[in-house]
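Next come the chains, spelled out residue by residue.
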Amino acid sequence: MAAPRSRSGRSTPLRDSSSEKLDGAGSWDALEWTKIEPVSRSISHMNLEFLLEAEQVIVEGYGVVLVNTDEAGTLLVTNYRLLFLSEGTRNIITLGTIPLMTIEKFTKLVIRTQSAPRQSDKSPSRRLLQIIGKDMRIIVFGFRPRTKQRRAIFDALLRCTKPARIWDLYALVSGPSKFSNTNPQVRLLNEYFRLLGKGFSHASMSMIEDGSFTLSNDLWRISSVNSSYTICQSYPFALIVPKGIPDDEVLQASTFRARCRLPVVTWCHPETGAVLARSSQPLVGIMMNMRSNTDEKLVAALCTQLGGAGEKRRKLYIADARPRKNALANGAMGGGSESSSNYFQSEIVFFGIDNIHAMRDSFARLRDYLDTHGATSSDGMSSFLRHGGWTWGGGNLSSMSASVSTLGDSGWLIHIQSILAGSAWIAARVALESASVLVHCSDGWDRTTQLVSLANLLLDPYYRTFTGFQALIEKDWLAFGHPFSDRVGMPTVSGGGNIPYELSRQSSAGGFPSSPMRQSSGSHTSQNPGSSHAQNSNNYSPIFLQWIDCVSQLMRMYPFAFEFSSAFLVDLLDCMLSCRFGNFLCNSEKERQQCGIAEASGCLWVYLSDLRAAEGSSHVHYNLFYDSLKHNGPILPPAAALAPTLWPQFHFRWSCPMEAQVVEVEEECRKMAFKFSELQKAKEAAENKAKEMTIAMESVSAELRKEKNVSSSAMSLAKRSSKESEAIKRAIQSLGCKVHFSRSGDCTVDIENSLIGTPQKVSYSPKRESESITQSDDKSDLSVSITVVADDVAPSNPIGRMCETLCPLRTRDGGCKWPDAGCAQLGSQFVGLKANFDAFDRLNIYDKYFQPK
């Protein structure tokens, strides 16, 4: 049995009638949040470290309950976001915290629950505030009755989500801070230079001011014809056009296209010369017979000659993103599509992609589906899943099938597949046939941008890196005038009057219905039906979000081709939707230049880059599996691979937070990579320490060897000195002298002679530089003179000097009669002599030298 439908068109899950938990008041009473007492102290007077720079608290609400998860806490409205803090820990509850500009709609609701007849007057009604976000979440806050807190929060949201001036936006209140960057016009020119093969040139503001940026190659040139935005206000100041088309013809051709968005080159193949071009629809009229010679000439110039193929010209495909019937219907308003007979060697192809209104409704139905069947439903029923076990209304298979059918009815995945298929077809024509492709829709800034930028991503591996992805978005989305303010529901710059910075809002007429609260057991009423946020205008549509979804599908198909991860795409979307930075403000490059957005606000690219720099390659924005060599050329997915699925990291993060982590393999790989990185760092540190220790050990070993050599040399000198001292001692003793050495280093020589009555003492101190000691006795015929000099002035042969001084038989000229004199054969190792100590000991000095005459 199919699930019954509610009045809103959404399927209502079947319930087990035997379960008391889902009967009666439902799970609204799971938490008695009406009895919660508010905190006594004011949050705004506390030191809130989690507030951003220039973020200020405006209104506070206490004892508020987040119905999705039955959590109680404090609700704050700041000039940047709606902030929900837990009651006990004061931690930020992520589900209940949403930037103000991410809010699509907010509505006051009253739920009256059924009760016994006698207690009907005592049953208080539930005071609720429903918040619908552009990021797929629907949240509901419950307030205590008779506190007027809901009114205060509601009024603050009305004021803060509709600023009267553009300068009241948080992005401009906070200023550039540390996230300032170069001018986006400079970055656009650098990308143009790369496309033309002039990457060695670097753009600058002076180059823009003096108009010297008009470089060219053999086929294409950069034109300054729109430098003052006089030709097309939604195009960039610089355009790439065929080199053979002068500026005056470019000006004439612009009048034949809707909003003057003439055909210009957005990407060119560096080898084959094939190009991707973009424009808006031609103004052929209801009879489809209007023509423009200059437009046809400009389009024909895109079909340059094939290299090495003589005079053969390449084929041109004109890709119309619209369904054929829609293109014909636009003829009634002056638009339409080209005729292949009017454009040389061309073929017209229709992709059948629906308009912004169909995408808006599809997105709303998808969001409603996820909220209905998610784990954190906003309807107060706790979404069945939170009470576990009996999902799908007691396991009813028909209910499960009905919910899956509801997903199909949303049409979101069908739209994603259409965009993917169209982009893959365009990329294949350029890569396989070397053909040029001109892409357009009605105005050339929604479906055209989606197709062209996605085809660029498939063709050029540079765009699959961080820097290239930034250049791609800035070129095809920002510079070529995708109306972000209208599509995302941000403030728009008014073009009238002398105050170009005032804001205007689109009328809320024609808005799509919001996701209504599902009734539990009572009834609900919506107060202030006109309080819906102005983003419900007829121009609101999640076009950029849809394109990012397509990129995530390609990343799933080619996990090695992209340097960035899904987490990077989610953070990029959050920054865009929140208006925290100024990159996506306004509708065109001209408006951003007039308002000075780049100078007055921070840059999200710098912010995201700083996040990555803080953790390096282990940051969650990096794709662990990226291999630049594996996909260094175009990637052309076959048709069978283009079956999309829901993007878990974005679609499920609020409704099914546990299921949003389905990429657990990637997370585990990231953890393993982080551990490996830490181990690698530890290994490198250990190796460096080991090298340092090895060097230190080698140094110590060298010092030890040096000390050992010094010690060995000292011991050798000591041994030789000991031998010399012993020899000198023996020599002096042989002369009848006794030598005594004291600890102070003084030397005492006792001279003994049998003819002398008393011994004579001669003292010697080595501290003197030189000293001469002479002893004489009148009663003796012996006169002995001992001279002691310092080592540094001693003669080269001290033993010979002593011999010459003491020997009485020496000649007058100082000659020695050795060996006739019969004296001892003295020697010293110090002077290199050899001594016969045995003969010296047997010598009788008194017999030989001192016999009486």
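Residues numbered from 1 in each chain as written. Predicted model: local features only at pLDDT ≥ 70, side-chain atom pairs only at ≥ 80, totals over all residues. Heavy atoms only, no water.

### Focus: the overall build of the chain
The helix and strand inventory of the chain stands at 24 helices and 22 strands. Counting the 853 residues in the chain, one finds 50% classified as buried. If you take every contact in the chain between residues at least 6 apart in sequence, the share linking residues at least 24 apart comes to 69%. Just so you have it, the chain exposes about 40500 Å², and 52% of that area is on carbon and sulfur atoms. (Helix = DSSP H or I, 4+ residues; strand = E, 2+ residues; numbered from the N terminus. Buried < 20%, exposed > 50% of the residue type's maximum accessible area, 1.4 Å probe, protein only. Contact = heavy atoms within 4.5 Å. Areas by Shrake-Rupley, 256 points an atom, 1.4 Å probe, with all protein chains shown as cover.)

### Looking at the UniProt feature "active site" (unreviewed entry) in the chain
The UniProt record annotates "active site" (unreviewed entry) at Cys441. With respect to the helices and strands, the residue Cys441 is situated in the loop between β14 (436-440) and α12 (447-459). Judged by relative accessible area, Cys441 falls into the buried class, the value being 2%. Apart from the residues lying within four places of it in its own chain, the contact partners of Cys441 are Ser279, Ser280, Gln281, Asp320, Ala321, Arg322, Asp446, Arg447 and Thr448. (UniProt positions renumbered as here; feature names shortened; annotations may be inferred.)

### Notes on the nonpolar core
Ranked by size, the top nonpolar core spans 143 residues in total, and within it Phe469, Phe544 and Trp547 carry the most contacts. Top contributing element to this core by residue count: helix α15 (residues 543-557), with ten residues. Beyond its immediate chain neighbours, meaning those up to four positions away, Phe469 contacts Leu457, Tyr462, Tyr463, Trp547, Ile548, Val551, Phe564, Phe568, Leu569 and Leu572. Ranked by size, the runner-up nonpolar core spans 24 residues in total, among them Ile93, Ile131, Ala156 and Leu157. (Core = buried A, V, L, I, M, F, W, Y, C linked by side-chain atoms within 4.5 Å.)

### Focus: the UniProt feature "coiled-coil region" (unreviewed entry) in the chain
The residues that UniProt annotates with the feature "coiled-coil region" (unreviewed entry) are residues 676-703. Structurally, residues 676-703 is divided into 100% helix and 0% strand, and its ends, taken at the C-alpha atoms, are 40 Å apart.

### Structural notes on the layout of surface pockets
One way to see where empty space is left: roll a probe the size of a water molecule over the atoms. The space that makes up the second largest pocket amounts to roughly 670 Å³. Contributing elements (two or more residues each) for the lining of the second largest pocket: β4 (98-99), α16 (566-578) and α19 (604-615). Examining the composition of the lining of the second largest pocket, we find that five residues originate from one element, α16, more than from any other. When the residues that make up the lining of the second largest pocket are grouped by side-chain class, the tally is twelve nonpolar, four polar and seven charged. Shared between two domains, the lining of the second largest pocket takes at least three residues from each, and those domains are domain 1 (57-113 + 123-162) and domain 2 (184-356 + 413-491 + 538-652). (1 Å grid on protein atoms, 1.4 Å probe; cavity = no way out; pocket = protein on both sides within 12 Å on 5 of 7 lines; lining within 4 Å. Points joined across faces, edges and corners; volume = space filled by probe spheres on them. Nonpolar A, V, L, I, M, F, W, Y, C, P; charged D, E, K, R; others polar. Domains from an automatic or database assignment.)

### What about the environment of Leu196?
Relative to the assigned elements, Leu196 resides in the loop between α3 (184-195) and α4 (205-210). Owing to a relative accessible area of 5%, Leu196 belongs among the buried residues under this scheme. Taking the C-alpha atoms as reference points, Leu196 and Leu219, separated by 23 residues in sequence, lie 8.9 Å from one another. Apart from residues no more than four positions distant in its own chain, Leu196 is found in contact with Leu215, Ser216, Asn217, Trp220, Ile222 and Ile240.

### A look at the packing of aromatic side chains
All chains considered together, the criterion is met by 29 aromatic pairs. Here the aromatic rings of Phe179 and Tyr607 are separated by 5.5 Å at their centres, their planes lie at 90 degrees, and the arrangement is edge-to-face. Here the residue Phe179 occupies a position in the loop between α2 (170-174) and α3, and Tyr607 occupies one in helix α19, the gap between them amounting to 428 residues. Taking the centre distance of 4.8 Å and the plane angle of 65 degrees together, the rings of Phe484 and Phe584 count as edge-to-face. Of this pair, Phe484 sits in helix α14 (residues 484-488) while Phe584 sits in the loop between α16 and α17 (589-595); the two residues are 100 residues apart in sequence, bridging distant segments of the chain. Of the aromatic side chains, those joined through ring pairs into one cluster are Phe466, Phe469, Trp477, Phe484, Phe544, Trp547, Phe562, Phe564, Phe568, Phe584 and Tyr622. Here the basic side chain of Arg612 rests over the ring of Phe466, its NZ or CZ set 3.9 Å away from the ring centre. (Phe/Tyr/Trp six-rings, centres within 6.5 Å; stacked < 30°, edge-to-face > 60°. Lys NZ or Arg CZ within 6 Å of the ring centre and 35° of its normal.)

### Some thoughts on the pairing of strand β8 (residues 220-223)
Burial along β8 is two-sided: Trp220 and Ile222 facing one way and Arg221 and Ser223 facing the other are all buried. Relative to strand β9 (residues 239-242), β8 is paired through four bridges, and the arrangement is antiparallel. When the bridges of β9 are listed, Trp220 appears paired with Pro242. (Pairing = 2+ DSSP bridges.)

### A short note on the state of the cysteines
Within the structure shown, the criterion is met by zero disulfides. Cys232 supplies the cysteine sulfur nearest to Cys260, a cysteine that is in no disulfide, at a spacing of 6.3 Å. Judged by its relative accessible area of 26%, Cys260 falls in the partly exposed class. (Disulfide = S-S within 2.5 Å.)

### Considering the side chain of Thr97
Relative to the elements of secondary structure, Thr97 occurs in the loop between β3 (81-86) and β4. Note on Thr97: relative accessible area 11%, which makes it buried. Looking at Thr97, its side chain comes within polar contact range of the main-chain oxygen of Ile93, at 2.9 Å. For Thr97, the contacting residues outside a window of four places in its chain are Arg81, Leu82, Leu83, Phe84, Ile92 and Arg137. (Polar contact = N/O pair within 3.5 Å; in protein donor to acceptor, adjacent residues only side chain to side chain.)

### Quick word on the pattern of salt bridges
Applying the stated criterion across every chain, the model contains 20 salt bridges. Among the salt bridges present, the one from Arg653 reaches Asp574, with a minimum N-O distance of 2.7 Å. With Arg653 in the loop between α20 (648-651) and α21 (664-734) and Asp574 in helix α16, the pair connects residues that are 79 residues apart, well separated along the chain. According to the relative accessible area criterion, Asp574 is partly exposed, its value standing at 24%. Among the ionic contacts, a cluster of salt bridges with common partners joins Glu191, Arg194 and Asp460. (Salt bridge = Lys/Arg side-chain N within 4 Å of Asp/Glu carboxyl O.)

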